[in-house]
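Here's the letter readout for the chains.
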Amino acid sequence: MAKILINEKNRKGHINPEIYGHFSEHLGRCIYEGLYVGEDSDIPNVNGMRKDVVDALKEMQIPVLRWPGGCFADEYHWKDGIGPKETRKKMVNTHWGGVVEDNSFGTHEFFELCEQLGCKTYVNGNVGSGTVQEMSEWVEYMTFDGVSPMAELRRKNGHEKPWKIDYFGVGNENWGCGGSMTPEYYGNLYRRYQTYVRHYDHAAPIQKICCGANVADYFWTEGVLKTCFELPQPNNIPTGYMDGLSLHYYVHPGGWDNKGSATEFDEAVWYKTMAKALYMEELIERHGAIMDRYDPEKKIGMMVDEWGCWFDVEPGTNPGFLYQQNTMRDAVVAGVSMNIFNRHCDRVKMACIAQMVNVLQSVILTEGPKMILTPTYHVFHMYRHHQDAELVESCIDGNRMIGTGADNQVPFLNESVSVDKDGYVNVTVANLSTKEDAPVEMSFMELMPKEITAAVLKGEMHAHNTFDEPENVKEETFDAYEVKDGKVCFTAPACSVISFRVR
Ligand code: AHR
């Protein structure tokens, strides 16, 4: 029997709600069809935004949305996406399927969407192919309330008041699709471009995010930080001119050239996927150790603003659209990843799953007017009480290793625990085994449980939802537990994610 030991008295740090963030790019059917259908669509919408999708995302409690890319961001010229829709420039989306981008979803539509979702905004600027002036004018257009050319242009386009940008990314993947730069070259560009990301509203300064590494590229992290932290620094207080440094990591079990099917895989591939998901912890620790040298007080957030499973596209779909199904394997990867982010909440301040709708590890899939929630959606919903809570100390005693071969050994169970403002202890547990149920005893330092609610997401490892069977996998109430001497005893089903709220 595994024992989850919880010291709810030992608070370890604040879990920023943005750890449960999302990413939406002009890629495949994420923006167009997935989120935005236009006001004239037969699909029910509010100002062009799909009502079913917006309602589901609100229910899931989405805290922040990143847009417009991704690789698309460093080719995006924001002025193409403002003004009357009929005169907006049409362009080729060279990165993603070579389709026509008609720019009908632009700046105004993004803020409208975030307003409907009630979430924070994360806009990603263009360093790769854009000028400093273009970036600076975009920020002025979005956030300046006074008299200026860009503020006037915004008003002329129908929006009197400025919007609030919570986060601004200065380029994306500038080591690759965002310009193939060296760390020192990008570091210097970052210093320059970010200078013109002005805080027009001093009461609500924009948090600036510097482009961080891909996977284990520690050379990039070191090179960028060294360049950004070199003198001169504002007011001689070293900040590296940044509030956040990004990290991108995708799980593809067979490697980049052999990602494998999203729905057809064997046990060995399941455990390989789990091992690769758990690798996130090492990445956070090692990039974090470099950040610690420059920023020992942990003022700069690690923003894992792209993460998730990346498999082969569904057969018969456009390879450039990155449309993939989503099974219990994705759900357990999500559960494990979000437990890791929680446990590193002292450094990880944001994480955005890629991507929100119809692309990669989505929480929602659409097909014309139909919409389904994926297993990953349910995990986000079950974990929502961690948002804004305090991480507390926890560990698992008697947690064995399981797997199919020496390389693919993973811990049977994975957990994280927080205490929220209402005094509930939130425990989330993933069972990584494909076949074996796990008997568990959960105990607290002082808490004698009086009030318990719990939910479970379970299914055979390939289980997923389809447009014909949309509720194959769904969150269910879990009441198969007993309280004995203040300890909560239950069996975590094989291949499952469970959440408890205990008071
Ligand atoms: O999410 C898909 C792509 O993955 C993004 O555009 C890019 O930033 C990353 O390589």
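Remember, it's a predicted structure, so these values are computed and weren't measured experimentally.

**Describing the domain arrangement of the chain**
On domain assignment, one finds that the chain holds domain 1 (2-392) and domain 2 (393-502). Each of domain 1 and domain 2 has a C-alpha centre, and these two points are 28 Å apart. Listed by partner, the interface residues are 57 residues for domain 1 and 65 residues for domain 2. For the domain 1 face of the interface with domain 2, the top three residues by lost area are I4, Y271 and M382, together amounting to 16%. There are 4 salt bridges connecting domain 1 and domain 2. The shortest N-O distance in the salt bridge between D388 and K421 comes to 2.8 Å. For the interface between domain 1 and domain 2, the tally reads 34 residue pairs in polar contact (both at pLDDT 80 or more).

**Description of the nonpolar core**
In this structure, L57, F168, W307, F341, M442 and F500 are the most contacted members of the largest nonpolar core, which totals 160 residues. Counting residues per element, this core draws most heavily on helix α7 (residues 267-294), at 10 residues. Per-domain counts for this core show at least three residues from each of domain 1 (2-392) and domain 2 (393-502). Setting aside residues up to four positions removed in sequence, L57 forms contacts with L35, I62, L117, M356, V363 and I364.

**Looking at the sheet that holds strand β8 (residues 120-125)**
With respect to topology, 8 strands assemble into a closed barrel ordered β2-β5-β8-β9-β10-β11-β12-β13, the strand pairing being parallel. Strand-to-strand twist across the sheet, computed as the mean angle between neighbouring axes with direction ignored, equals 30 degrees.

**So, unusual backbone geometry**
Of the consecutive residues G69 and G70, the connecting peptide bond is found in the cis state with omega at 15 degrees. Tracing the backbone through its elements, the reader meets G70 in the loop between β5 (64-67) and β6 (91-93). Notably, D485 is not glycine yet its phi reads approximately 50 degrees, a positive angle. Within the secondary structure, D485 is located in the loop between β24 (481-484) and β25 (487-492).

**Considering the pattern of salt bridges**
By the definition in use, this model includes 33 salt bridges. With a shortest N-O distance of 3.7 Å, E230 and K226 are connected by a salt bridge. For E230, a relative accessible area of 41% puts it in the partly exposed group. Where salt bridges share partners, they join D292, D295, K298, D346 and R347 into one cluster.

**Examining the sheet that holds strand β20 (residues 425-431)**
Sheets are built from strands that pair by backbone hydrogen bonding, the pairs being arranged parallel or antiparallel. With mixed pairing, the 10 strands of this open sheet are ordered in space as β23-β22-β26-β20-β19-β16-β1-β21-β25-β24. The open sheet terminates on both sides in strands that have one partner only, identified here as β23 (476-477) and β24. Here strand β22 (residues 452-458) runs beside β23; their pairing, made up of 2 bridges, is antiparallel. What sits directly across from A455, in β23, is T477. Sitting on the sheet, helix α8 (residues 328-343) touches β16 (390-397), β19 (413-419), β20, β22 and β26 (496-502), and the angle it makes with β19 is about 50 degrees. Across the sheet, helix α9 (residues 375-382) lies against β22 and β26, angled at about 165 degrees from β22, the strand it touches most.

**Thoughts on the packing of aromatic side chains**
Under the criterion given, the structure shown has 27 aromatic pairs. Summarising the aromatic geometry, the rings of W138 and F168 are spaced 6.3 Å apart at their centres and angled 80 degrees between planes, so their arrangement reads as edge-to-face. With W138 in helix α3 (residues 132-143) and F168 in strand β9 (residues 167-170), the pair connects residues that are 30 residues apart, well separated along the chain. The buried category is assigned to W138, whose relative accessible area is 3%. The exposure class of F168 is buried, given its relative accessible area of 0%.

Rules of the game
Residues numbered from 1 in each chain as written. Predicted model: local features only at pLDDT ≥ 70, side-chain atom pairs only at ≥ 80, totals over all residues. Heavy atoms only, no water. Domains from an automatic or database assignment. Contact = heavy atoms within 4.5 Å. Buried area = accessible area lost by both parts, 1.4 Å probe. Salt bridge = Lys/Arg side-chain N within 4 Å of Asp/Glu carboxyl O. Polar contact = N/O pair within 3.5 Å; in protein donor to acceptor, adjacent residues only side chain to side chain. Core = buried A, V, L, I, M, F, W, Y, C linked by side-chain atoms within 4.5 Å. Buried < 20%, exposed > 50% of the residue type's maximum accessible area, 1.4 Å probe, protein only. Helix = DSSP H or I, 4+ residues; strand = E, 2+ residues; numbered from the N terminus. Pairing = 2+ DSSP bridges. Axes fitted to C-alpha atoms, helices over the stretch in contact; angles between N-to-C directions. Phe/Tyr/Trp six-rings, centres within 6.5 Å; stacked < 30°, edge-to-face > 60°.

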